[in-house]
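Architecture and fold: a report
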Amino acid sequence: MAEKKELYLGYSTDKAITPFFQNWLEFLDQEKLMKSKCGKCGAEYLPPRQHCQKDMSECTLAEVSEREAKLYSYVIVDFAPESLSSKQPYVVAIGEFPSGLRLTAHITNLTSMPEVGMKLKLGFDKSPDGKMVTYRWLV
Amino acid sequence: MVRRVAVVAGGHSKFGKRYDATMRELCAEAYKPIYDEGITQDRIDASVLSYAASQFTGQGAGSALMADYIGLQEKPHLRVESACTTGTASLRAAWGMVAAGLYDVMLVMGVEQMNRVSSATATEYMSRAGDMRWEYPYGISFPAFYALMASRYMSEYNMPHDILAKIAVKSHFYGAQNPKAHLPKEIPFEEANNAIPICRPLNLYDCSLITDGAAAVVIAAEDRVKEFTDRPMWIKGIGAGASENMIQDRPSLTTIPGAKRAAKAAYKMAGIEPKDINMAQVHDCFTIAELIAYEDCGFAEPGKGPEIVENKENYIDGRIPVNCDGGLKSKGHPLGATGVSMTYEIMKQMRGEAEKSSRQIKDVKYGLAHNVGQSGQFVNVFIFERGW
Ligand SMILES: [Zn+2]
């Protein structure tokens, strides 16, 4: 069996990794954003859940094919929690895909003030050492 | 058979940066006026200790320490925790025990000490109340959750930031008249509207304070109330609600669904309507939270909260006076003490005992407390009725 790559989500994390989450992170490392789907009722989750919220059945991963979304809401974090103070200010956005699935991530390439309703594109990023992987929004 | 329960006494410490005290001394400060009224430890059957976070002080299992410090070491006690709604969650737990007949008289003690760590560290601890796997890694601080609501509200209803600044001006206007307040100073509108950004669109004056303090109330069963007071404040309605944990999963960001559910349940139990409420203490951890509370509590239709602000209906002589003690914004927000402090304030207003007549609300028959945990994951709404 291949050695698991050491991967963590986002910019600051608690590093509590489960096999399900590790598998999901490895897809993310290949720039694939996965949702999860309940094997019993078909409910979909983004971010993914290992267990269906409705019936506790196991979910399996499926790729999110959508690449464009709309800005549902945003915040410009000027005063950050201690763990992210070196990155402030940064913009956290909730993007909504046409399917209705939503994703909370940073917008990393803004050149003007964000506006609710503006178009967002899904992007990916990783730290120089390759251990921190993330999805992000681009304008 | 559920017994009626009343709030019969209360005490309140000075709120602020209390480097002169730790949680135990703050508890003593809040219990002292209750003790001085003659409600000595032997008259209290049990207590609920309300504090939200051990991280700030490092003290584990603090209820034992605090109960012991105020002389309740031989009386049963327990701790309740529900983030910023811990205070009213504790009152709800105590109400249940007294209503059911387990105890006749209980002390609910709310306390928090937050200033033993830096603001950045306190912000860090509070951000960990978000989803540790999916939200925390993106640095979504406590104000950031409310800023996400504010951005959406401002966009959906085309609301300028001015409205939020006016809420801050009102809170500080009353906080300046409250000797227990953390930041008892008035602020001009221009300053409130143009303060340094914290989590845009929210600025410094949109945010509540990181505060140390304690507040306590004593509740008693119906047939014991007369031993304690001839001015009981009856717990008339209790509603609790919950909302989705991740803020992105909420169907709307311009309301807190759990708050609506909690308010509806409280009105139903009390058998009254929003128009019957004479004053409200709402959870203004951020100015946008107060605005949304007007709507969630039924004082305004969705999107119409700003009219309450524009018409100053939230001042003491207005249609629905709100947070005329300064609120979390100016009085301060020691997490576990906040809901108990709201209860204390309603009791004092009903009794006509506001420290200054300039912030005394006339003839309060019904008061409402709206206490929100985190960004709405838990909410408690209480309706109190004057009993004399
Ligand atoms: Zn299912």
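Throughout what follows, the structure given in this document is the object of discussion. Please read these numbers as outputs of a predicted model, since none were measured by experiment. (Residues numbered from 1 in each chain as written. Chains lettered and ligands numbered in written order. Predicted model: local features only at pLDDT ≥ 70, side-chain atom pairs only at ≥ 80, totals over all residues. Heavy atoms only, no water.)

Quick look at the coordination of the zinc ion
Residue and element names in this part refer to chain A. Only Cys38 (SG), Cys41 (SG), Cys52 (SG), Asp55 (OD) and Asp55 (OD) from the protein coordinate the zinc ion, and they sit 2.3 to 2.6 Å from it. Along the chain, the residues that donate to the zinc ion are spaced as C-x2-C-x10-C-x2-D. Overall, Asp55 belongs to the partly exposed group, its relative accessible area being 24%. (Donors = N, O, S within 2.8 Å, 3.2 Å for Na, K, Ca; no water. Buried < 20%, exposed > 50% of the residue type's maximum accessible area, 1.4 Å probe, protein only.)

Thoughts on the sheet that holds strand E2 (residues 34-38) of chain A
Residue and element names in this part refer to chain A. If you trace the three strands from one edge of the open sheet to the other, you get E3-E2-E4, paired in antiparallel fashion. Because the sheet does not close on itself, it has two edges, and the strands there are strand E3 (44-45) and strand E4 (59-63). With five bridges joining them, E2 and E4 adopt antiparallel strand pairing. Within E4, the residue paired with Lys35 across the bridge is Ala62. (Pairing = 2+ DSSP bridges. Helix = DSSP H or I, 4+ residues; strand = E, 2+ residues; numbered from the N terminus.)

Considerations on the nonpolar core
Ranked by internal contacts, the top residues of the largest apolar core, which has 137 residues, are A:Tyr135 and B:Tyr146. Among the elements that make up this core, the one with the highest residue count is helix H5 (residues 142-156) of chain B (10 residues). Here A:Tyr135 is in contact with A:Leu9, A:Trp24, A:Leu28, A:Leu33, A:Leu103, A:Thr104, A:Ala105, A:Leu122, A:Gly123, A:Phe124, B:Trp134 and B:Tyr138, once residues within four sequence places are set aside. In terms of nonpolar packing, the next biggest core, distinct from the first, is built from 29 residues, B:Met23, B:Ile70, B:Val111 and B:Trp234 among them. (Core = buried A, V, L, I, M, F, W, Y, C linked by side-chain atoms within 4.5 Å. Contact = heavy atoms within 4.5 Å.)

Structural notes on the sheet that holds strand E9 (residues 279-282) of chain B
Residue and element names in this part refer to chain B. Taken together, the nine strands give an open sheet; going across it, the order is E3-E2-E4-E7-E1-E8-E11-E10-E9, and neighbouring strands pair in mixed fashion. One side of each edge strand has no neighbouring strand; the edge strands of this open sheet are strand E3 (77-80) and E9. On average, each strand axis in the sheet is inclined to that of its neighbour by 25°, with strand direction left out of account. Where strand E2 (residues 46-50) and strand E4 (residues 105-112) come together, five bridges link them in parallel fashion. Bridge pairing in E4 links Ser47 to Leu107. (Axes fitted to C-alpha atoms, helices over the stretch in contact; angles between N-to-C directions.)

Looking at the packing of helix H6 (residues 162-175) of chain B against helix H9 (residues 287-296) of chain B
To describe two helices that pack against each other, one gives the angle between their axes and the distance between the axes. Residues and elements named next belong to chain B. In the contact formed by H6 and H9, the axes pass within 9 Å of each other and the chain directions differ by 95°. The angle between H6 and H9 falls in the class roughly perpendicular. Contacts from Ile163, Leu164, Ile167, Ala168, Lys170 and Ser171 of H6 reach H9 at Thr287, Ile288, Glu290, Leu291 and Tyr294. Its residues assigned to classes, the contact of H6 with H9 comprises seven nonpolar, two polar and two charged. (Parallel < 35°, antiparallel > 145°, perpendicular 65-115°, else oblique. Nonpolar A, V, L, I, M, F, W, Y, C, P; charged D, E, K, R; others polar.)

Here we look at the pairing of strand E5 (residues 197-200) of chain B
Of the pairings in the sheet, the one linking strand E5 (residues 68-77) of chain A to E5(B) comprises two bridges and is antiparallel in character. Within E5(B), the position partnered with A:Ile76 by the bridge is B:Arg200. Bridge count for E5(B) against strand E6 (residues 202-203) of chain B is two bridges, and the pairing is antiparallel. By the bridge assignment for E6(B), B:Cys199 is matched with B:Leu202.

Honestly, it's all geometry; don't read function into it.
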